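An overview of the molecular structure
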Amino acid sequence: MSLATPPKPGPENRELAILTPGQTAPVADPRALPLEIHDLTVSYHRKPVLWGIDLQVPKGKLVGIIGPNGAGKSTLIKAIMGLLPLSSGWVKIFGEPFQSNLRRVGYVPQRESVDWDFPVNVMDVVLMGRYGRLGLFKRPKKQDREIARECLEKVKMLPYADRQIANLSGGQQQRVFLARALAQESDLYLMDEPFAGVDAATESAIVEIMHELKSRGKTLLVVHHDLPTARNYFDLLILLNMRLVAFGPTEEVFNYELLQKTYGGRLTILSEVADAVRQKTS
Amino acid sequence: MTELIPPFDFQRVFIEPWTLDWRVFLWVVLMGFFVAAACGLTGVYLILRRMALVGDAISHSVLPGLAIAFLAGSLAGGGTVAGGESHDLRNPTLMFIGALAAGVVTTLLIELIHKKSRVKQDAAIGITFSSLFAIGVILISVFADKVDLDADCVLYGEVGLVASHPFVQLGGTELAPWPVARMCLVFLATGGLVLAFYKELLVSSFDSGLAASLGIKPGLMHYALMCWLSVVVVSAFEAVGAILVIAMLILPGATASLLTHRLPLIFLWTLAHAALSAVAGLHLAIWLDCPTAGAMVVAGAGLFCAAWVFSPSQGLLPGLRRRLSAAKVEAPQFDDAGGVSPGNPATPVARR
Amino acid sequence: MLRQPKIWLLFALLLAGLLPAEAAKIGDLTDTNVLDQAWRFFSLRDPSLRAVLLGSVLLGVTCGLLGSFIVVRKMSLMGDALSHAVLPGVALGFLWNMTKDPVAIFIGATIAGLLGTMAVYAITHTTRLKEDTALGLVLASFFAVGICLVKMIERLPTGAKSGIDKFFFGQAAALSTEDLQLMTGVTTVVIAAVLLCYKELLVSSFDPGFARATGLPTRLLHHGLMLMLAAAVVIALQAVGVVLVSAMLITPAAAAYLLTDRMHRMLVIAAAFGVASGVLGAFLSFLGNNLPTGPFMVLAASFLFGAAFLFGPRHGTVARWWRQRSRSQRVERENLLKAIFRVLEDREFRGEGATLQELCALRRETIEQIRQAVRALRQHGMATFDEAGEAVYLTPEGWQRARAVVRNHRLWELYLTNEAKIAADHVHADAEEIEHVLGEEVVRQLEKGLAYATRDPHGRIIPSSAEILQDDPGRRPAEGMVGYGRKT
């Protein structure tokens, strides 16, 4: 069984089958799949943003989502989280609809999506990761604080626990978000551009944590912007440009032809791609 | 309920105003039109610049400016307002100075609060105008004998009484009541300014960066617009009050931008909306026996709702019909290179 | 989260502090003895005044709590639109049986308010109009409908003396027992809701996407908040009036926002400020004869906001200005220390004091400016004058600080030329800035990274940290100190 299921019927998708080289061993129990997407279409004002996406993500992998601006990368994450209405198709998480498996999903939104002047400190934000498990009306307990402290320790932000979040650098803010996701103690993590605007130290810290999560059998889906590093960071890549251009092991899909398909005629990015590919072959 | 809503009498509501008392009602309608048109033309830019609520703020904070101007006028003129013969105490120059000062102070305060602290702009607007308005209300209630403004006028103006004001005399003939003449002047000036600075306003509203690179100072345009807004608001103040003027600022432009996407046409629709709401509002006020300014705004809101439902391009009804007739999502088209052109028929499509 | 005794203490102090503050301020507003009036107002003997006071407290708490969420959700002007939009509902509630029946008015107004928020939502979601336009539109249109209805009611024989016009600017004296019962009910519900759903409200205000992703019913929370907001607006109407009620939501909360960095403290402070401005406003309007209450409450709230804006310990303008000033003074002092070091260095550390003349020449300033600056140094115990007042001697502290600043400057220059490959003649300006902010930890790393170099790019000596620490005046007896610039 191919990871990328047969594409949507329709003339415009016919060549898609050739473009999806991801061939791995068949998965015995489909319920064990962390993420399964079938014929997902999302649209704004009747204009599609994602079109007929089919995806089956295996367990314990680091998956990068790459594509040009406006390709629908963040939309894909949001659609998986059930934050957007779907025009068609379905998303299953560990074999069940998203709403019934909330606790198994951790989420790192884009840093710009919140107001960093908000009157909370670092600890408060990380504790929010526990809220989903607490249930309505219940307050965080000592045990939750302990977990939050551990997660802060992991991202090396424990000394800042009492800081107001506005007084953090961009990289530190991103680490706080990561700690919050860790505090969710999930099995599938969805991260929306965690590397955007962070310093090198934070970037390597995040990568380290990603690998640690992976080694514990977690699955990570990461929207990524930077092509050259994408090749090194991820096991599997999703090449996305409104439709699924390709999905498969990084070494197989990270080639000039597929990237050109993904990025279309965008020359500046194409030269970047050429560089990346040259780097790879040299 | 029958007492509340008088029976609808076509003769009384539609015919008599234009046969028996047409002298009075003509001026009321004209005043309503001038107010709505002058406000509406200015308001189009507020909507474009997403500053509709700054208009809200200025319309409230003009009140203390006016109150202080009246106080100053009565102190200079001496004595208190006696009965209806109050017109002479209203010094138009002082009023305009007061309003301009209030407008500038409001703009500066909003900017000060949201730049110098972490309070966001919306809260800054709310704090500024409510404080200034509170000062205004206190002034007019404490110095009620010296300030020729009452709370009712602040709330809904007195456009219905416009014909009772003295008339402008020119060579022995009575031209128009003073407030109407003044408002007409403001309307003409607004129209003139819009025509004269059309492209500057357009560019600075659309893209202040581009405007700066073209040598148009966006900051200057901002303050000029705020000053003009204060002038328009203070002229409209007596007619429609502090709060209904917001409707006069926003309703015409909002209705127009539901009907068309092109700026020149938006201005035409704005004028049309102003005229229609003035006439319809008058008849509504006669029928229901309620404040004319309020009725004009209700009529304007009705027109907005009509545009909202029936507008061919963005209306609810045509949209519903489109949704029923067409597919939910337009199919995208993929070209050879793998690039996508969502629903753009101009791009060649590769299908085999 | 609300169990912080400190905060409650502050709250109590605020209330207690109100009494004298008010009495002192109103002196000239009325002829009667202000203290007597204050006594009458606050002694709780007069039942009608008791009602006013209780009403102000209740509305202050409700508005402060809900306003905090409104402010941090950046929905301040939604509060404004909602408060204007309730007017037609008030009129219709009044029509129900032609009396000021609080329950009928409450229901009518709440429905109208919710209709207003829904209209804003519908306009922004189905047209291209932006939210600000939609808010202004709904606000003014609903208000116009309300005005027409109110005037039509007043025209009726039963409506003329109803006092419905008191809803415009508020009259706390008109509060009835039923009004107070309703206010108490709403306040209780709001406090309970905030306590129970604190964490839900917090996360859905901070990061709505995340809140939805963790399965919180954000939309329900939003509508619940709107419903409570409408209820709060309605109970505040009698006292504050339609036009200004939004200020009671926004202003105390915004003032609290400037004073703290934690949401739960913000809630408590905002409630305290709400109560303070409510009581103060009621009292002020009580002093004047039959003045509307609303504007005074709003002014009191604005006054509190102004105080927080100017004098807030962390975000206040004055505090910030003071910090900036002391920072720039420190930079000035350190620059002079550096200059003295340079003078001594140019003499290869022969002789002990630097004359003012030499400093003038180096810093290109007049002798008076230098004298002034040295006085500041002397105040901080870093330098002394000689008897004639013409030469400067550094104290051990000054000498240590001077060398530390010079070290920072030269280390940074060296770092830029070596590591960042910037030409040696381009690094001075950058080092001038950075020398004042480098921490000891970073300096230690720099020294290590530069292999404890002793010469800067211009060939001058870099004083080493070890050496500077050795001369720490705290560790060595001052008498045995033989340092440069020490007057013997």
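The shown structure was predicted, so the numbers you read here are calculated from the model rather than taken from an experiment.

Rules used in this analysis
- Residues numbered from 1 in each chain as written.
- Chains lettered and ligands numbered in written order.
- Predicted model: local features only at pLDDT ≥ 70, side-chain atom pairs only at ≥ 80, totals over all residues.
- Helix = DSSP H or I, 4+ residues; strand = E, 2+ residues; numbered from the N terminus.
- Contact = placed C-beta atoms within 7 Å.
- Buried ≥ 20, exposed ≤ 12 C-beta atoms within 10 Å, placed from the backbone.
- Nonpolar A, V, L, I, M, F, W, Y, C, P; charged D, E, K, R; others polar.
- Axes fitted to C-alpha atoms, helices over the stretch in contact; angles between N-to-C directions.
- Parallel < 35°, antiparallel > 145°, perpendicular 65-115°, else oblique.
- Left-handed = near helix turned anticlockwise from the far one by under 90°.
- Pairing = 2+ DSSP bridges.
- pLDDT = per-residue confidence, 0-100.
- Expected span 1.5 Å × (residues − 1).

Observations concerning the overall build of chain A
Counting its regular elements, chain A contains nine helices and 10 strands. Contacts in chain A between residues at least 24 apart in sequence constitute 69% of all its contacts with a sequence separation of at least 6.

Some details on the overall build of chain C
Looking only at helices and strands, one finds 22 helices and three strands in chain C. For chain C, buried positions account for 50% of its 488 residues. Considering only intrachain contacts with a sequence separation of at least 6, the fraction spanning at least 24 residues in chain C is 69%.

Looking at the interface of chain C and chain B
Contacts between the two partners involve 52 residues from chain C and, on the opposite side, 53 residues from chain B. Those elements giving two or more residues to the side of chain C that touches chain B turn out to be α4 (76-85), α7 (131-155), α8 (166-169), α13 (245-259) and α15 (293-311) of chain C. The element best represented in the side of chain C that touches chain B is α7(C), accounting for 16 residues. Counted by class, the side of chain C that touches chain B contains 32 nonpolar, 13 polar and seven charged residues.

A few points about the packing of α4(C) against α7(C)
Residue and element names in this part refer to chain C. One can describe the packing of α4 onto α7 by two numbers: an axis separation of 7 Å at closest approach and a directional angle of 15°. Classified by the angle between their axes, α4 and α7 sit roughly parallel to one another. α7 is crossed by α4, and the crossing has left-handed handedness. Along its contact with α4, which presents Leu77, Met78, Asp80, Ala81, His84 and Ala85, the element α7 presents Leu135, Val138, Leu139, Phe142 and Phe143. Here the residues of the contact of α4 with α7 are counted per class, giving nine nonpolar, one polar and one charged.

Overview of the pairing of strand β1 (residues 35-44) of chain A
Residues and elements named next belong to chain A. Here β1 lies mainly inside the structure; seven of its 10 residues are buried. With seven bridges connecting them, β1 and strand β2 (residues 47-57) associate as antiparallel partners. Bridging across to β2, Leu40 finds its partner in Ile53. Hairpin geometry of β1 and β2 is characterised by an intervening segment of two residues between the two adjacent antiparallel strands and by a positive phi of about 50° at His45. For β1 and strand β4 (residues 88-93), the ladder comprises five bridges, and the chain directions are antiparallel. Pairing of Thr41 across the sheet is with Ser88, part of β4.

Considerations on the confidence of the model for chain C
All names here are of chain C. Averaged over chain C, the pLDDT score is 81; the fraction of residues at 70 or greater is 88%. Scored below 50 in pLDDT, residues 1-11 shows nine contacts in the model against residues more than four places distant or in partner chains. Counting contacts from residues 474-488, a segment whose pLDDT is below 50, to residues more than four positions away or on other chains yields 25 contacts. Among the scores for the predicted complex, ipTM is 0.85 and pTM is 0.80.

A short note on the sheet that holds strand β9 (residues 236-241) of chain A
Residue and element names in this part refer to chain A. As summarised here, the arrangement of the six strands in space is β6-β7-β8-β3-β9-β10, forming an open sheet in which the pairing is mixed. For this open sheet the edge positions go to β6 (105-108) and β10 (243-249), each flanked by a neighbour on one side alone. Going across the sheet, the axis of each strand differs from the next one's by a mean of 15°, ignoring polarity. Here strand β3 (residues 62-66) pairs with strand β8 (residues 219-223) via four bridges, running parallel. When the bridges of β8 are listed, Val63 appears paired with Leu221. Where helix α5 (residues 200-215) meets the sheet, its contacts fall on β3, β7 (188-191) and β8, and the angle it forms with β8 comes to roughly 150°. Seen against the sheet, helix α8 (residues 256-263) touches β9 and β10 and runs at an angle of roughly 150° to β10.

Section: helix α16 (residues 317-346) of chain C
Structurally, the α-helix is built with 3.6 residues per turn, so residues lying three or four positions apart point the same way. Residues and elements named next belong to chain C. The end-to-end C-alpha separation of α16 is 43 Å, in line with the 44 Å expected for 30 residues at 1.5 Å each. Listed as buried for α16 are Arg333, Glu334, Leu336, Leu337, Lys338, Ala339, Ile340, Phe341, Val343 and Leu344. Where α16 is buried, its residues contact β1 (354-355), α17 (356-363), α18 (367-379), β3 (391-394) and α19 (396-418).

Some details on unusual backbone geometry
Residue and element names in this part refer to chain A. Here Asp39, not a glycine, exhibits a phi torsion of approximately 50°, which is positive. The residue Asp39 is located in strand β1 in this model. For Met242, which is not a glycine, the phi torsion comes out positive at approximately 70°. Looking at the element boundaries, Met242 is found in the loop between β9 and β10. With 25 C-beta atoms packed within 10 Å, Met242 lands in the buried category.

Notes on the packing of helix α14 (residues 263-287) of chain C against α15(C)
Residue and element names in this part refer to chain C. Between α14 and α15, the least distance of the axes is 7 Å, while the angle of their chain directions is 135°. Put simply, α14 runs oblique to α15. Along this stretch, α14 crosses α15, giving a crossing that reads as right-handed. In this structure, α14 contributes Phe273, Ala276, Ser277, Gly278, Leu280, Gly281, Ala282, Leu284 and Ser285 to the contact, and α15 contributes Thr293, Phe296, Met297, Ala300, Ala301 and Leu304. Of the residues assigned to the contact of α14 with α15, the class counts are 10 nonpolar, five polar and no charged.

Quick word on the environment of B:Leu220
With respect to the secondary-structure elements, B:Leu220 resides in helix α10 (residues 218-259). When the C-alpha positions of B:Leu220 and B:Leu4 are compared, they lie 50 Å apart, and in sequence the two are 216 residues distant.

Considerations on the sheet that holds β1(A)
Within a sheet, neighbouring strands are paired by backbone hydrogen bonds and run either parallel or antiparallel to one another. All names here are of chain A. Read from one edge of the open sheet, four strands run β2-β1-β4-β5, paired in antiparallel fashion. The sheet terminates laterally at β2 and β5 (96-97), the two strands that pair on one side only. Packed on one face of the sheet, helix α1 (residues 73-80) meets β1, β2 and β4 and runs near 65° to β2.

Considering the confidence of the model for chain A
Per-residue confidence for chain A gives a mean pLDDT of 80; residues scoring 70 or more make up 82%. Counted against residues more than four places away or in other chains, residues 1-28 of chain A, with its pLDDT under 50, gives 50 contacts.

Quick word on the environment of A:Leu152
All names here are of chain A. Tracing the backbone through its elements, the reader meets Leu152 in helix α3 (residues 142-154). Residue classification places Leu152 among the buried positions, given that 25 C-beta atoms sit within 10 Å. Separated by 27 residues in sequence, Leu152 and Ala179 have C-alpha atoms that sit 5.6 Å apart. Leave out the neighbours within four places in its chain, and Leu152 touches Val122, Val126, Met157, Leu158, Ala161 and Ala179.

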